[in-house]
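Structural features, examined
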Amino acid sequence: MAENASQSGSQNGAVTLSRDKLLWIYQAMMRIRRFEEAAEEAFRNARMRGALHFYIGEEATATGICAELRTDDYITSTHRGHGHCIAKGGRLSKMMAELYGRATGYCGGKGGSMHIADLDLGILGANGIVGAGIPIAAGAALGAKLRGEDRVTVCFFGDGAGPTGAFHEGVNFAAVQSLPVIFVCENNNYGMATTSDKANAGPSIAGRGVAYGIPGVEVDGNDVFAVNAVAREAIDRARSGKGPTLIEAETYRFKGHTVHDMAPYRAKQELEAWLKKDPIERFKRVVESQNLLTAEDFDRIDEDVVREVEMAIEFAEASPFPPLEAIEQGVYAD
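Okay, so let's go over this structure. On a predicted model such as this, the values are computed, not experimentally measured, just so you know.

**Here we look at the overall build of the chain**
Helices and strands together make up the secondary structure of the chain, namely 11 helices and 10 strands. For the chain, the spread of C-alpha atoms along the three principal axes comes to 55 × 50 × 40 Å. Per-residue burial over the chain gives 54% buried out of 334 residues. Nonlocal contacts in the chain, meaning residues at least 24 apart in sequence, comprise 75% of its contacts between residues at least 6 apart. Separation of charge centres in the chain, based on 35 positive and 46 negative side chains, amounts to 1 Å.

And the structure:
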């Protein structure tokens, strides 16, 4: 059976995180939210092309996890990966330039939304193949273990990756080798238009942990405090050589599968119920009720983030497209 984690980085309901970490958490979630909103606006105004998979509504999961990571720790990401990259410290300007297809982007404008990587920050790359990051994460963790490093790897994947062979192979290998990796399933209830329960057998994805002999933990993915508490325990476990943890964070994407998808398959009442669980608003209610942050704190961060996103848009739009000769650079094939 999977464990259920309902409480936060708190004791008896009182938040115990430092003020600096609370400020960082709010800033990270707002950077994700405003970046995604700006990218959608740019797309709908025909200023960029491609397929965008928005992380709006899921901010608490990436933020709660990455708040406990070091710069030299690794993450692997998914097609819905902007939030992971931002929470791990990705530069909004280079991310936006990549979405715009400009030469100043993380991948020189050739990777686009689904392939952003920054090896200096431990971001091993987003991936357009469902479940593909799972064995990559196991490999990164194996490398760290063989080198005698205390780095950990966090593998983000969606519920749509639960039925894949990559899930079994990657998690099984990590468990057998007792690798320093945390597998984080962001169960947003849908794989494209298919509900999670129609694709995944069993009561939960976290419940599969018992089959691999590792902890399986279910957590409210829209409660950043609960996610952070679970992350801290799993990361400490991995860093101390005790092996992997499988975390299932129940969350919800407020947008469709892609920018093109208006999600007609979702009931209006379902969406409305999840909008009331907005992770950013929940965070604000908790810290305000405990007098940990003030309206002035929120306003200052809001203004800074808006300015940062505006600068990222300006940087992207002022950047050149890659030259024609760049088409043959960075291509790993004969």
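**Some thoughts on helix α5 (residues 133–146)**
Its 14 residues place the ends of α5 20 Å apart at the C-alpha level, agreeing with the 20 Å of an ideal helix rising 1.5 Å per residue. Along α5, the positions that sit buried rather than exposed are G133, I134, A137, A138, A140, A141, G143 and A144. Buried residues along α5 sit against β4 (74–76), β5 (153–158), α6 (165–176) and β6 (181–187). In the stretch just after α5, G148 is the one whose phi turns positive, near 75°.

**Details of the packing of helix α1 (residues 19–44) against helix α4 (residues 92–99)**
Closest axis-to-axis distance for the α1/α4 pair is 12 Å, and the angle between their directions is 25°. The orientation of α1 relative to α4 falls into the category roughly parallel. In the packing of α1 onto α4, the handedness of the crossing is right-handed. In this structure, α1 contributes R31, F35, A38 and A39 to the contact, and α4 contributes L92, M95, M96 and L99. Taken together, the residues of the contact of α1 with α4 break down into seven nonpolar, no polar and one charged.

**Quick notes on the pattern of salt bridges**
Per the stated rule, a full pass over the model turns up 20 salt bridges. Here R33 makes a salt bridge to E59, at a shortest N to O gap of 2.5 Å. Of this pair, R33 sits in helix α1 while E59 sits in helix α2 (residues 59–66), and the two are 26 residues apart along the sequence. For the residue pair R33 and E59, the accessibility class agrees, reading buried in each case. Taking the shortest distance from any N to any O, the salt bridge between D278 and R33 comes out at 3.2 Å. Taken together, the residues D278 in the loop between α9 (268–275) and α10 (279–289) and R33 in helix α1 connect sequence positions 245 residues apart. When its relative accessible area of 11% is taken as the criterion, D278 is described as buried. Relative accessible area serves as the criterion here: at 9%, R33 is assigned to the buried category. It is possible to trace a salt-bridge network through shared partners that takes in R70, D72, R147, E149, D150 and R151.

**Concerning the nonpolar core**
In a soluble, globular protein the nonpolar side chains are often hidden away together inside. Membership of the largest hydrophobic core comes to 73 residues, with the highest contact counts inside it found for M48, M96, I182 and F283. In contact with I182, not counting residues within four places along its chain, are V152, T153, V154, C155, A234, I235, A238, T245 and I247. Grouped together as the second largest cluster of nonpolar side chains are 19 residues, A174, V181, F183 and I205 included.

Conventions used here
Residues numbered from 1 in each chain as written. Predicted model: local features only at pLDDT ≥ 70, side-chain atom pairs only at ≥ 80, totals over all residues. Heavy atoms only, no water. Helix = DSSP H or I, 4+ residues; strand = E, 2+ residues; numbered from the N terminus. Buried < 20%, exposed > 50% of the residue type's maximum accessible area, 1.4 Å probe, protein only. Contact = heavy atoms within 4.5 Å. Lys, Arg positive; Asp, Glu negative; His and termini not counted. Charge placed at Lys NZ, Arg CZ, Asp CG, Glu CD. Expected span 1.5 Å × (residues − 1). Axes fitted to C-alpha atoms, helices over the stretch in contact; angles between N-to-C directions. Parallel < 35°, antiparallel > 145°, perpendicular 65-115°, else oblique. Left-handed = near helix turned anticlockwise from the far one by under 90°. Nonpolar A, V, L, I, M, F, W, Y, C, P; charged D, E, K, R; others polar. Salt bridge = Lys/Arg side-chain N within 4 Å of Asp/Glu carboxyl O. Core = buried A, V, L, I, M, F, W, Y, C linked by side-chain atoms within 4.5 Å.

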